[in-house]
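# Structure at a glance
Residue-level listing of the chains:
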Amino acid sequence: MIREQLQSRGITDARVLEAMGRIPRHLFVAEDQQIEAYSDHALPIDDGQTISQPYIVGLMSQALRLSGSERVLEVGSGSGYQTAILCLLAREVYSIEQSRLLAEKTVGRLAQLGLKNARVFVGDGGYGLVEFAPYDAILCAAAPPSVPDPLRQQLTPQGGRLVLPVGGAQRQFLLLIERTGEQFRARRLSAVRFVPLVGRYGEHSDAGDRTP
Ligand code: SAH
């Protein structure tokens, strides 16, 4: 997985490669999917969600340029695989997931791996997690139709970085947004396909206000 799916496609950040080499991905998928755990694609997890393709986890992790001292927010814990990688790459990880079942599984898996620097919350991550803001980096793993303003505003003003997919069901781009004061510079990294962000900042925001 590391050589064929990551290094050969430009994932070169040594810390990202090391972290992805250390976290056993098969622990994050259902038993009947374990044979596929290291394959080059996303896989179904509970509640109709997916664990991201390894390359996409590598690409998003690398884009955040983490050195180990950062406070990071993750929106959409999913299986908790990306959360575990972030635990190895940053100092403090806050992860918010709308599915209680998935959040509980993530907590169990992180504990099983002895990872203690993440806190997992259940709620609508489109609002970010204002209690612990600002964040040096934010990673959002579900696609809103446009960038949720709270995520932008919860970035550290000097050099905060946000990576997220933006778009509809058919067409999405992975964006890297960097903040300098009130300036936000966006760059497209790749065409991608993520599950939609639900809740207030999702496509159909009639789900009502579900503040965390
Ligand atoms: N990177 C994860 C994949 C996450 S899939 C992994 O590798 O396992 C996206 C996740 O975002 C899903 O678990 C979904 O439940 C969650 N999600 C969607 N909208 C959300 C919202 N508004 N707030 C929090 N989580 C959300």
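Up top is the structure these notes are about.
Residues numbered from 1 in each chain as written. Predicted model: local features only at pLDDT ≥ 70, side-chain atom pairs only at ≥ 80, totals over all residues. Heavy atoms only, no water.

## Points about the overall build of the chain
- A tally of regular secondary structure across the chain gives six helices and nine strands.
- For the chain, whose C-alpha radius of gyration is 16 Å, the value lies close to the compact-globule estimate of 17 Å for 212 residues.
- Its C-alpha atoms give the chain principal-axis dimensions of roughly 45 × 35 × 35 Å.
- Looking at the 212 residues of the chain, the share that counts as buried comes to 50%.
- Surface summary for the chain: the accessible area is close to 9,800 Å², and the carbon and sulfur share equals 48%.
- Positive and negative charge centroids in the chain, built from 23 and 23 side chains respectively, lie 5 Å apart. (Helix = DSSP H or I, 4+ residues; strand = E, 2+ residues; numbered from the N terminus. Rg over C-alpha atoms; globule rule 2.2 N^0.38 Å. Buried < 20%, exposed > 50% of the residue type's maximum accessible area, 1.4 Å probe, protein only. Areas by Shrake-Rupley, 256 points an atom, 1.4 Å probe, with all protein chains shown as cover. Lys, Arg positive; Asp, Glu negative; His and termini not counted. Charge placed at Lys NZ, Arg CZ, Asp CG, Glu CD.)

## Things to note about the packing of aromatic side chains
- According to the stated counting rule, one finds five aromatic pairs in the structure shown.
- Geometrically, the ring pair formed by Phe28 and Tyr81 is edge-to-face, given 5.6 Å between the ring centres and 70° between the ring planes. Residue Phe28 is located in the loop between helix H2 (14–22) and strand S1 (43–44), and its partner Tyr81 is located in helix H4 (residues 81–89); the two are separated by 53 residues in the primary sequence.
- For Tyr81, a relative accessible area of 1% puts it in the buried group.
- An angle of 20° between the planes, with centres 4.4 Å apart, marks the rings of Tyr94 and Phe132 as stacked. (Phe/Tyr/Trp six-rings, centres within 6.5 Å; stacked < 30°, edge-to-face > 60°.)

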